[in-house]
Amino acid sequence: MRITEIRAVQPPTPAAPTDWRTQLGQIVVQITTDSALCGYGVGGGGAAGIHVIETVLRDFLIGKDAREVEKLHAGMCRHTCFYGRSGLVIMALSGVDLALWDLRGKAAGQPVARLLNKHVDLSRPLPTYLTVFDEQETETALNAGHRAVKLHVERFGVPPRISDLSDQVSKAREILGARGELMIDAFATWDVASALNVANAIQAEDIAWLEEPIPPDDYTGYRELARKSPVPIAGGEHEYLAQGFQHLLENRLHAVLQPDVNWCGGLTTLVDVYRRAQDADVRVCPHRGCEPYALHAIAALDRQPLAESGRAWFTCLDGAPAIENGHIQLSDQPGFGVSVSAELWK
């Protein structure tokens, strides 16, 4: 099953945030083989990512056996190591890796989840959580069947207004009740002192994790938070490749790892992260886990599955499963079970 063509496109996303998430937004990757099978993946990097795919990665991959996914992943990383050990190149590479996994599943006639775990129960609905911004949205999430929410608190300023933020967290906890899981997302806007002040103020609300309170590369700061915070610290959404996550694990910087399969290096990296994290007894909860690519790994590998709601503005994947009553369920279609319209490539 030799690779004959690779192309990528950035689909229109008019409802996307008007920031880097559009400027360097999600791209769809198509890999065609001489067996007539096509694989589809989603990566990041916008026009820059497309250029990487259609030049250096294309030159490396054309003519190679698409079935050798892990070998090709290692080769792509080696081929781009002078300029691409993290960031845009790996975001683009992620889409290619996912397209290769899609081909592997299609060639086997199996969903990717079953390739990862032959005993996976595809009939099992997986619990999900929704990101919310206030008590009204928390109430809406609860009424829609969610039993877990993540409260986004960037709007409380820098440094954060502790009293107002704590009040919002308390209201969310009251709505969820004692059994609901409640997480907090600071969008990497604080410093260590602010993060500790917030954690101390909200610890009584039984917070599952405080997500990215400081910038992702402030490893010294995360080391201090890991020692002092009464609330578990989560991160890794903006980390890349297995060695990046190994650094987080070896230094015990996060209680919860949140790799994004469309950015971190694809499914090959995500599978590696799961195995390393389970050996270290660290929880993994992938970023945007309800999207079809991460969902297969969650279904197959996760001991404590919880899938985050997807990017509402990214709508070009046909066949992506939908959340129903706070849960989501994989299909039994081969590969990742998704396709894209031919119109996208015109």
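Residues numbered from 1 in each chain as written. Predicted model: local features only at pLDDT ≥ 70, side-chain atom pairs only at ≥ 80, totals over all residues. Heavy atoms only, no water.

A.B. asks: If you had to explain helix 6 (residues 135–143) to someone new, which residues and values would you point to?
C.D. replies: Regarding helix 6, the residues found buried are Thr138, Ala141 and Leu142. Viewed along the axis of helix 6, the buried residues span an arc of 100°, placing them on a single side of the element. Looking at helix 6, the residues exposed on the side facing more than 90 degrees away from the buried face are Thr140 and Asn143. The N-cap residue of helix 6 is Asp134: its side-chain oxygen and the backbone nitrogen of Gln136 are 3.1 Å apart. Just beyond helix 6, the residue with positive phi is Gly145, at close to 105°. (Buried < 20%, exposed > 50% of the residue type's maximum accessible area, 1.4 Å probe, protein only. Helix = DSSP H or I, 4+ residues; strand = E, 2+ residues; numbered from the N terminus. Arc of directions from axis to C-beta. Polar contact = N/O pair within 3.5 Å; in protein donor to acceptor, adjacent residues only side chain to side chain.)

A.B. asks: Can you break down the packing of helix 3 (residues 69–79) against helix 4 (residues 88–108) residue by residue, with the values?
C.D. replies: Direction vectors running N to C along helix 3 and helix 4 enclose 165°, while the axes themselves pass 10 Å from each other. Overall, the two elements helix 3 and helix 4 adopt an arrangement that is roughly antiparallel. Classified by chirality, the crossing of helix 4 by helix 3 is right-handed. Here helix 3 contributes Val69, Glu70, Leu72, His73, Met76 and Cys77 to the contact with helix 4, which in turn contributes Leu93, Val96, Asp97, Leu100, Trp101 and Arg104. Partitioning the contact of helix 3 with helix 4 into residue classes produces eight nonpolar, one polar and three charged. (Axes fitted to C-alpha atoms, helices over the stretch in contact; angles between N-to-C directions. Parallel < 35°, antiparallel > 145°, perpendicular 65-115°, else oblique. Left-handed = near helix turned anticlockwise from the far one by under 90°. Contact = heavy atoms within 4.5 Å. Nonpolar A, V, L, I, M, F, W, Y, C, P; charged D, E, K, R; others polar.)

A.B. asks: Break down the side chain of His152 for me, citing the residues and quoting the values.
C.D. replies: In this fold, His152 is placed in strand 5 (residues 148–152). The exposure class of His152 is buried, given its relative accessible area of 10%. In contact with His152, other than residues within four places in its own chain, are Thr131, Val132, Phe133, Asp185 and Phe187.

Keep in mind these numbers describe shape, not what the thing actually does.
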